[in-house]
Amino acid sequence: MSKSCCSHSHAAPIKAVGKAAPHQHEHGHDSHCCDTAAPVSCSASTASHAHQEQEVNESPGDEEPPRGSCQSQGCCDSQPAHDHSDHAGHDHQSVADSPEPLASPTQNSRRHSWQVLGMDCPSCARKIETAVSRVEGVQQARVLFATEKLVVDLAPGLSPDPVTAAVRQAGFRLKGEASAKAAAGQPRGPLLTALGNLFSKYGQPLSLAALMLVAALLPDTLGQPLFILATLWGLWPVARKAWALTRSGSPFAIETLMTVAALGALFLGETAEAAMVLLLFMLGEHLEAYAAGRARAGVTALMALVPDQALRIRTTADGEIREEVAADELRPGDIIEIAPGARLPADARLLDPLGAFDESALTGESIPVERRQGDKVPAGSLAADRVLRLEVVSEPGNNAIDRILHLIEEAESQRAPIERFIDRFSRWYTPAMMLVALLVVIVPPLAFGQSWDEWIYRGLALLLIGCPCALVISTPAAVTSALAAATRQGALIKGGAALERLAHVDTIAFDKTGTLTLGKPRLTELVSLTGQAETELLALAAAIEQGSHHPLARAVVAAASEQGLTLAAASELRALPGMGVEGRIDSALWQLLAPSRVPALGEALEAQVAALERQGKTVILLCRMGEAPVAMLALRDQIRPDAAAALRELRELGLQSIMLTGDNPRAAEAIAGELAMEWRASLLPEGKVEEIARLAKTRKVAMIGDGINDAPAMKRASIGIAMGGGTDVALETADAALTHNQLGGLAAMIRLSRSALANIHQNIALALGLKAIFLVTSLLGITGLWIAVLADTGATALVTANALRLLRKR
């Protein structure tokens, strides 16, 4: 699923990110990951350089294929083949009817990707998918609207040229083609370039408006022919695109409706109205393009966070060599240097003793974060105060920014149920409206002897009401705006489906260690039970905990290190699943066990253990194999400073909270008592799943955690939320993540999801309400063609403006 980490269990050793995992233990309580990897799986870089492709290995023994080679213009790099089927495997009702997610390439395919220009709304993405899917040899095609990426799996040996031709034939452009044409032409100054870009973008509507203005000022004898000329001038690109879309498999596009309406108006002699219909349509298209650009602004800003160049430091026999290289040439182990105000080109580990980084673009935290030597710093972070040296730890295309972009792309396959319904509805809505318009045209004249001209005109007006643009954009505009707003606040939500489920949640289940607490326990007491020196006992305990990345193990080792103790070499280290850990020191087998796993403690010792556990501490006992305990160690984790305030906010929103933990009941009760919440303790991972399933019978439950042992429960919940500092497995499994690792963002995320759902309902009501009103007025002959177009454009504008309000949510 992802780069995993080490849990405190020896039963399933998993390689840690960037380091070996010598052994792992389990103390019969929550097991947690050692590494704080950045969210989610890897992604392709979003650079807009030449086309790259990826060939899937023909056999398991093949070496990893090259990352790609430059072949054709206008595409972004290939997307690594990851299987995200797990993510789509929730027990949620919504998943059953979700669209097919972008699967990994098959053994006999090559993956290609391009960036497409000219998409104004998600319906444009569907048109491109339809056109490309008809190309011979295409195994699957997906358009990721948020990042404007077209991803195609082609049969091996086939050229991607027919795919690019299909995109152009459907009326869209590939990134890089326009700049290539400009570079091939005569060099122009900046003023001429700006004027050329302005004319290419707005030349058609501006020239059409100018012709209409001149025609309106002239007498009818001259104005009428000029209106006809204006209509034909405006109709030419629209009709050409309608024909291209019809040939590529999308005959019921809005361009088709506009073409029929304009030709019909010309036939009836309504030349001025025909020209006005086209002008309003063009203005509506530019409005949708602006809205799409605003909605994608957050994604574009993320792409810009990673610099293209980096300063790499190489050490040779002659000394240090400083060289500027492309960011995608950096590899793990490279040493880089960044100046104050510069951004990191890759995930890196700090080599200097101390450094401050502004990570607000990724986490939403405006105050620079102090990092110490060895700390990992995500790509896109800005060096705040001094020149710093770091060691690169991420592969090209797999840094923190790439993973966020990949998450955004992945989110598009996880659409909200309401969005999927609107998508299905719009597919038959336009053909149905065309049929109704046809019946309006022919039934009254044939059945009742009405005027043909009058009912053709009303039918054309009805045809324009069949445009589904405002309806189609109503949901994705709100979803995209909400996801962008959440990203700015340090929260990542995997698509509209997760957003909608989050809005309906009424109960939140929390893991304890690393979620409600900091996950950094400290040794608070060590009690010798035999009179032996406490330092000797601590050294024994630390010796068999060496090498483990579990928080409790690290706390014991850290306590021994602070006292400067010398640790003996331990051998035969072994985890005892659900019990603890053991190791051999000087021929004696020593064990660290949970109190519940030690038989016959005795009343006095049981009382001591109970007293410590009531204080919220975790107790472990040191003993020789088969003998009575010789020492009792108590460790206490610290509650997150923002936990109490976060839970209070959730209660104000009407949500219930419950803590699910593998820790002992007394420690759980102590923590839950301080936070005033329900609790369930002594739960293994399967126990957490069973508890979530029980709650889900009567409630909508969200599960928030950070450890590998939380992943199954997060999958079983209505929605899983991961802490940003948690394991890769938890982040991969989750539907959402708090990248700033603060519980205070949870209430804000839920408020945003509720606002987004309300916004979607408002948008649908606006789109359908206006259509219903003008459907009646058009049938009654009260409103005409240009009013119908204005109503549709106005609905699109209102829906878009309403959705963009979500970008201002704080």
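Refer to the structure presented above.
Note that this is a predicted model, so its numbers are computed, not measured.

A.B. asks: Explain the packing of aromatic side chains here, please?
C.D. replies: Pairs of aromatic rings are described using the distance from one ring centre to the other and the angle between the two planes. Under the defined criterion, the tally for this structure stands at zero aromatic pairs. Its guanidinium or amino end placed over the ring of Phe 172, Lys 241 lies 4.4 Å from that ring's centre, counting from NZ or CZ. One residue, Arg 458, lies across the ring of Trp 455, its end atom 4.5 Å from the ring centre.

A.B. asks: Would you explain the sheet that holds strand 12 (residues 376-377) in this entry?
C.D. replies: Pairing between the strands of a sheet comes from backbone hydrogen bonds, and it takes one of two forms, parallel or antiparallel. Ordered in space as 7-6-8-14-9-12, the six strands form an open sheet in which the pairing is antiparallel. Two strands in the sheet have a free side with no partner beyond their single neighbour: strand 7 (319-326) and strand 12. Pairing of strand 6 (residues 309-316) with strand 7, which is carried by eight bridges, proceeds in the antiparallel orientation. Each residue of the ladder has a partner; that of Gln 309, found in strand 7, is Ala 326.

A.B. asks: What should I look at first to understand the environment of Ala 470 in this one?
C.D. replies: Locating Ala 470 in the fold gives a position in helix 13 (residues 469-488). The exposure class assigned to Ala 470 is buried, which follows from its relative accessible area of 0%. Separated by 329 residues in the primary sequence, Ala 470 and Val 799 have C-alpha atoms spaced 6.7 Å apart. Apart from the residues lying within four places of it in its own chain, the contact partners of Ala 470 are Ala 767, Asp 792, Ala 795, Thr 796 and Val 799.

A.B. asks: How do you make sense of the sheet that holds strand 10 (residues 354-358) when you look at a structure like this?
C.D. replies: Taken in spatial order, the three strands line up as 11-10-13 in an open sheet, and their pairing is antiparallel. Among the strands making up the open sheet, the edge pair consists of strand 11 (369-372) and strand 13 (382-383). For strand 10 and strand 13, the ladder comprises two bridges, and the chain directions are antiparallel. Bridging from a neighbouring strand, Asp 358 pairs with Leu 382 of strand 13.

A.B. asks: Sorry if this is basic, but what is going on with the pattern of salt bridges here?
C.D. replies: Close approach of charged atoms allows side chains of opposite charge to pair. Across all of its chains, the model carries 21 salt bridges by this definition. Residue Glu 613 pairs with Arg 666 through a salt bridge whose shortest N-O separation is 2.7 Å. Residue Glu 613 is located in helix 18 (residues 603-614), and its partner Arg 666 is located in helix 20 (residues 665-675); the two are separated by 53 residues in the primary sequence. Given the relative accessible area of 34%, Arg 666 is considered partly exposed. What you see here is one network of salt bridges that share partners, running through Arg 312, Arg 314, Glu 323 and Asp 334.

Analysis parameters
Residues numbered from 1 in each chain as written. Predicted model: local features only at pLDDT ≥ 70, side-chain atom pairs only at ≥ 80, totals over all residues. Heavy atoms only, no water. Phe/Tyr/Trp six-rings, centres within 6.5 Å; stacked < 30°, edge-to-face > 60°. Lys NZ or Arg CZ within 6 Å of the ring centre and 35° of its normal. Pairing = 2+ DSSP bridges. Helix = DSSP H or I, 4+ residues; strand = E, 2+ residues; numbered from the N terminus. Buried < 20%, exposed > 50% of the residue type's maximum accessible area, 1.4 Å probe, protein only. Contact = heavy atoms within 4.5 Å. Salt bridge = Lys/Arg side-chain N within 4 Å of Asp/Glu carboxyl O.

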